[in-house]
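Take a look at the letters that make up each chain.
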Amino acid sequence: MLQASTAVFPGSFDPFTKGHEAMVHKAIQLYTKVIIAIGHNTTKQYLFSPEERLNQIQFLFAEYPNVEVKLYQGLTVNFCQENNAKVILRGLRDVKDFEYEKSIAWMNAELQTDIQTIFLLTEPNYLAINSVIVREIYKSGGNIEKFIPSKIFNLISKN
Ligand code: ADP
C-alpha cells in the first residue's frame, strides 16, 4: 500500500513532450499525488504562455484525479512547502542533465532540508526529445507531432 505522498514535477514544459508525459506516468505509480508545476518567469520569452501550457497539460491529464497542474513563480522549495510535498521529481536523460540537476538539487537541499529531489531516468525512446529543440522546430514550421502527446498536438493544431 502506498503511503499518502505528494511529489512535485517542476519545469517549463514549453512545450510538454512525450518524455515529460512518460515521467508523469512513472511518478503516479510511486506517489499518491503528482503536481506538475509550471514555472514561469516574467522575464523569459515562452513559445506558449503559462495559461496555454496549463490548459494543454490539464487537458492531457483530465482523466487522472491524482495529477494536478499548477503555475508557480519563485522558489520550487517554497511551492513544495505550500503544497505539502516532500519530493521534487526531475528527469535525467544523460550526464549533462545529471551535472546540471545535481547542483540544483544540492542547492534546494540547503534551502529546505526536509525536501528530497528524486531523479527518474528517461524512457530510452524519448532520450533525444528536448523542449528547446521541439520549440525551434515548431517555430520554423516543422511537424512536432512525433514529440508531443497527441492530445496536446490536436489542441495546438486547432488554434
Ligand atoms: P526546465 O526548464 O526546468 O529544465 P523542462 O521543461 O525542460 O524544464 O524539463 C522539466 C523536467 O523534465 C526536467 O527534469 C527535465 O530533465 C525533464 N525532461 C526533459 N525532457 C525529458 C525527456 N525527454 N524525458 C524525460 N524527462 C525529461
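Structure's up top.
Below is a short write-up of the structure.

Rules behind the numbers
- Along each chain, numbering runs from 1 in the same order as the chain's sequence is written.
- Under the rules for a predicted model, residues below a pLDDT of 70 receive no local features and side-chain atom pairs below 80 are neither given nor counted, while totals for whole chains, interfaces and linings still include all residues.
- Hydrogens are left out, water is left out, and the side-chain values use all remaining heavy atoms of the structure.
- Nearness of a residue to a molecule or strand requires only that one of the residue's heavy atoms be within 4 Å of it.
- Residues adjacent in sequence count toward polar contacts only when both atoms are side-chain atoms; beyond that, a polar contact is any pair of N or O atoms within 3.5 Å, and within protein one must be able to donate a hydrogen and the other to accept it.
- The Shrake-Rupley method, run with a 1.4 Å probe, gives the accessible areas here. Residue values count only the displayed protein chains as cover.
- Elements are defined by DSSP. Helices are runs of H or I of four residues or more, strands are runs of E of two residues or more, and each kind is numbered from the N terminus.
- Here the term charged refers only to Asp, Glu, Lys and Arg, the term nonpolar to Ala, Val, Leu, Ile, Met, Phe, Trp, Tyr, Cys and Pro, and the term polar to all other amino acids, Gly among them.
- Contact between two residues is taken to exist if any of their heavy atoms lie within 4.5 Å; hydrogens are not considered.
- Residue burial is assigned from relative accessible area. The probe radius is 1.4 Å, only protein chains are included, and a residue is buried under 20% of its type maximum, exposed over 50%, and partly exposed in between.
- Comment: arc refers to directions from the helix axis out to C-beta atoms.
- Angles run from 0 to 180 degrees between N-to-C directions of axes, and those axes are lines fitted to C-alpha atoms, restricted for helices to the stretch in contact.
- The labels follow the angle: roughly parallel below 35 degrees, roughly antiparallel above 145, roughly perpendicular from 65 to 115, and oblique for the rest.
- Note: crossing handedness is left-handed where the near helix turns anticlockwise from the far helix by less than a right angle, and right-handed where it turns clockwise.

**Examining the site of the ligand**
For the ligand, the set of nearby residues contains 16 residues, the closest of which are Ser12, Phe13, Gly91, Tyr126 and Ile129. A distance of 3.2 Å is found between an oxygen atom of the ligand and a side-chain nitrogen or oxygen belonging to Arg90. Interatomic distance of 3.0 Å between a backbone N/O atom of Tyr126 and a nitrogen atom of the ligand. Contact with the protein chains removes 87% of the 550 Å² of surface that the ligand exposes when unbound. Secondary structure elements with two or more residues in the shell around the ligand: strand S1 (6-11), helix H1 (18-30), strand S4 (87-92) and helix H4 (95-111). Taken together, the residues of the shell around the ligand sort by class into six nonpolar, six polar and four charged.

**Let's talk about the side chain of Thr76**
Topologically, Thr76 is positioned in helix H3 (residues 76-82). In terms of polar contacts, Thr76 uses its side chain to reach the side chain of Tyr72, at 2.8 Å. With sequence-adjacent residues up to four places away left out, Thr76 is seen in contact with Pro10 and Ile88.

**A closer look at helix H6 (residues 150-158)**
Within H6, burial applies to Ile152, Phe153 and Ile156. Buried residues along H6 cover an arc of 100 degrees about the axis, so they all sit on one side. Within H6, the exposed residues directed more than 90 degrees away from the buried face are Ser150 and Lys158. Buried residues in H6 make contact with helix H2 (50-60) and helix H5 (131-139).

**Brief notes about the packing of H2 against H6**
Between two packed helices, both the angle of their axes relative to each other and the distance between the axes serve to describe the pair. Remark: H2 packs on H6, axes separated minimally by 9 Å, with the N-to-C direction vectors making an angle of 135 degrees. Classed by the angle they form, the pair H2 and H6 counts as oblique. Once H2 is placed against H6, the crossing between them reads as right-handed. Touching Asn55, Gln56, Ile57, Phe59 and Leu60 of H2 are Lys151, Ile152, Leu155 and Ile156, all from H6. Residue composition of the contact of H2 with H6, grouped by class: six nonpolar, two polar and one charged.

**Re the environment of Ile133**
Along the polypeptide, Ile133 turns up in helix H5. The class for Ile133 is partly exposed, based on a relative accessible area of 48%.

**Thoughts on the environment of Lys70**
In this fold, Lys70 is placed in strand S3 (residues 67-72). The partly exposed category is assigned to Lys70, whose relative accessible area is 29%. Sequence-wise, Lys70 and Lys33 are 37 residues apart; in three dimensions their C-alpha atoms are separated by 13 Å. The contacts of Lys70, once residues within four sequence positions are left out, are Ile35, Ile36, Ala37, Ile38, Leu54, Phe79 and Asn83. A distance of 2.7 Å separates polar atoms of two side chains, one belonging to Lys70 and the other to Asn83.

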